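The lines below spell out each chain.
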Amino acid sequence: MPTLLRAARAAYGSAIREALAEVGFDDLPRNGPYVIGAIARTGAPLSQVIKELGVSKQAAGQLVDTLVVRGYLARSVDSEDRRRLTVALTERGHAAAAVSRAAIDHVDAELAREITPDYIAHTRATLAAIANVGRARE
């Protein structure tokens with residue numbers, strides 16, 4: 001199962017990286033597409049997105065710094081708590097998220113040509129259960 005999960009992740013990852021590179025977003029760091037996509041898709045706070053990545057605070061800080069410097073994220077002072085900083089996608093960040101989403105949709109469409117919607121639904125349910133098992137262990 002772990003080998004299959006790794007290969008499946010690689011299929012999405014390479015499709016996303018290739019699509020981003022084709023339109024000039026080849027400067028995203030390794031976990032950059034995940035962070036940008038998660039913020040765009042769910043609006044989740046950066047702290048939650050970083051926690052899901054499972055990286056150290058130092059690595060997370062470097063990643064955010066890089067995304068800000070490269071124009072994908074903008075930092076601002078939280079209007080409710082001036083001690084906190086918030087991040088938001090810039091126009092470039094939104095564009096990169098849209099390219100990533102299109103790449104994911106393309107892989108999903110290829111998958112739909114290979115197996116039935118019922119199998120896809122079962123796979124999603126299985127993956128969600130695996131993720132829940134992992135979260136329960138944390």
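Residues numbered from 1 in each chain as written. Predicted model: local features only at pLDDT ≥ 70, side-chain atom pairs only at ≥ 80, totals over all residues. Heavy atoms only, no water.

Asker: A description of the pattern of salt bridges should follow, citing residues and the corresponding values.
Answerer: Oppositely charged side chains can form a pair if their charged atoms are brought close together. Here the structure, examined in full by the defined rule, presents four salt bridges. Asp105 is the salt-bridge partner of Arg101, the closest N and O atoms lying 3.0 Å from each other. Residue Arg101 and its partner Asp105 are located together in helix H5 (residues 91–114), separated by four residues, close to a single helical turn. By relative accessible area, Arg101 is classed as partly exposed at 37%. One salt bridge connects Asp108 with Arg124, and the closest N-O pair in it is separated by 3.8 Å. Of the two residues, Asp108 sits in helix H5 while Arg124 sits in helix H6 (residues 117–137), which places them 16 residues apart along the sequence. (Salt bridge = Lys/Arg side-chain N within 4 Å of Asp/Glu carboxyl O. Helix = DSSP H or I, 4+ residues; strand = E, 2+ residues; numbered from the N terminus. Buried < 20%, exposed > 50% of the residue type's maximum accessible area, 1.4 Å probe, protein only.)

Asker: Tell me what's going on with a positive patch on the surface, and back it up with residues and numbers.
Answerer: A surface patch of like charges, here positive, comprises Arg6, Arg9, Arg17 and Arg30. As for its position among the elements, Arg30 is in the loop between helix H1 (2–22) and helix H2 (32–42). Overall, the relative accessible area of 73% leaves Arg30 in the exposed class. (Patch = residues over 30% accessible without salt bridge, like charges linked within 9 Å, V, L, I, M, F, W, Y side chains within 5 Å. Areas by Shrake-Rupley, 256 points an atom, 1.4 Å probe, with all protein chains shown as cover. Lys, Arg positive; Asp, Glu negative; His and termini not counted. Charge placed at Lys NZ, Arg CZ, Asp CG, Glu CD.)

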